Amino acid sequence: MRFALIDNEHMEAKPDLVGAVCPGCGASVIAKCGTQKVHHWAHRNTRMCDSWWETETQWHRVWKNNFPVEWQEIFLPDEQTGEKHIADVRTEYGLVIEFQHSFINPVERISREEFYKNMVWVVDGTRLSRDFPRFLKGGKFGSTELKPGVMHIEFADDFFPRNWLRSSVPVVFDFLGLDNPDSADHIRKTLYCLFPSHDEYNAVFAKISRKAFIKTVLNGEWSDRVRAYMDEMEQKYIEKELQRKESQQGVYYRKLYKVYIYPHRIKSTRRKRYK
Ligand SMILES: [Zn+2]
């Protein structure tokens, strides 16, 4: 954890600080200020009280710092398990952002999405060396631009890691990691927001600048924009499905027509063929 309470005040870990407690469970915590991991607080006698907690990296900290300190590490009670979960960031508009560096299994991913509901994942796309090359390669195979910066892809697993394709909330991929945003190329600098989709293969993603993402989270517009966009996509999907069903029915009636109304035609053409 980045923050612990000392005399009810949120404090960052420093070697000489004592008497700190966990804001979630009230247990005693100690400052860990080594050279390997980012400085943090750890429970003294017990394990971390949130079973979903992921060891923090510098990448987490840099991301969290884009948002006010009061929005960071918010403890939320889980009535089903009696646990408390720590949202990496929870905005004053109720949006939760979870920054995910390590692998997450689908069961936990679903639990977190169901718990936080109004949330967005930000995934570290630099942890596995294959993720960015796959994304670049996917781009070469083609995608259809639905509107500027919004792409429809038919084989989503050619672009993104499989375990994120069934997410029920938007997933933002960050392929820049800790590189300097000023020196990096624009493909890495851009964020890619994968929207929830009806199946694993057909998907839609949007290119978003870091600035725009952070700005719309800060001013509270993110959730409304995503919702409006998803409604639009849903409408398009329904229309497409109707068209598909209608064209399938058309084929079906044409088949019926051939077999029952003009069976002799089929027979006669067959006869001709075998003559
Ligand atoms: Zn605790």
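Residues numbered from 1 in each chain as written. Predicted model: local features only at pLDDT ≥ 70, side-chain atom pairs only at ≥ 80, totals over all residues. Heavy atoms only, no water.

**Student:** Any chance you could explain the layout of surface pockets here in plain terms?
**Tutor:** To find leftover empty space, a probe the size of one water molecule is rolled over the atoms. Taken as a whole, the largest pocket encloses approximately 540 Å³ of empty space. Along the wall of the largest pocket there are 18 residues; nearest its centre are His152, His198, Val204, Met233 and Tyr237. If you list the elements that add at least two residues to the lining of the largest pocket, you get strand 14 (203-208) and helix 6 (222-261). Of the residues forming the lining of the largest pocket, the biggest block, eight residues, is contributed by helix 6. Across the lining of the largest pocket, the residue classes break down as eight nonpolar, four polar and six charged. By volume, the second largest pocket is sized at about 300 Å³. (1 Å grid on protein atoms, 1.4 Å probe; cavity = no way out; pocket = protein on both sides within 12 Å on 5 of 7 lines; lining within 4 Å. Points joined across faces, edges and corners; volume = space filled by probe spheres on them. Helix = DSSP H or I, 4+ residues; strand = E, 2+ residues; numbered from the N terminus. Nonpolar A, V, L, I, M, F, W, Y, C, P; charged D, E, K, R; others polar.)

**Student:** How should I be thinking about the packing of aromatic side chains in this particular structure?
**Tutor:** Each aromatic ring pair is described using two quantities: the centre-to-centre distance and the angle formed by the ring planes. For the coordinates displayed, the defined rule picks out 23 aromatic pairs. Centroid distance tryptophan 63 to phenylalanine 99: 5.6 Å. Interplanar angle 25 degrees. Geometry classified as stacked. With tryptophan 63 in helix 1 (residues 58-64) and phenylalanine 99 in strand 8 (residues 96-100), this pair connects stretches of sequence that are 36 residues apart. For the pair tryptophan 63 and phenylalanine 99, one class covers both residues: buried. When the ring of tyrosine 192 is compared with that of phenylalanine 205, the centres are 6.1 Å apart and the planes differ by 70 degrees; the resulting orientation is edge-to-face. Of this pair, tyrosine 192 sits in strand 13 (residues 191-194) while phenylalanine 205 sits in strand 14; the two residues are 13 residues apart in sequence, bridging distant segments of the chain. (Phe/Tyr/Trp six-rings, centres within 6.5 Å; stacked < 30°, edge-to-face > 60°. Buried < 20%, exposed > 50% of the residue type's maximum accessible area, 1.4 Å probe, protein only.)

**Student:** Quick question: what am I supposed to make of the coordination of the zinc ion here?
**Tutor:** Surrounding the zinc ion are the protein donor atoms Cys22 (SG), Cys25 (SG), His43 (NE2) and Cys49 (SG), at 2.1 to 2.3 Å. Relative to the metal, the four donor atoms surrounding the zinc ion lie at angles of 102 to 115 degrees, and the coordination shape comes out tetrahedral. Look at where the donors of the zinc ion fall in the sequence and you get C-x2-C-x17-H-x5-C. Pair noted here: cysteine 25 is in the loop between strand 3 (20-21) and strand 4 (28-32) and histidine 43 is in strand 5 (residues 40-43), with a separation of 18 residues, a long-range link. Accessibility expressed as a relative area gives 42% for cysteine 25, which makes it partly exposed. (Donors = N, O, S within 2.8 Å, 3.2 Å for Na, K, Ca; no water. Tetrahedral: all angles 85-135°; square planar, octahedral: opposite > 155°, others 65-115°.)

These values are about where atoms sit, not about what they do.
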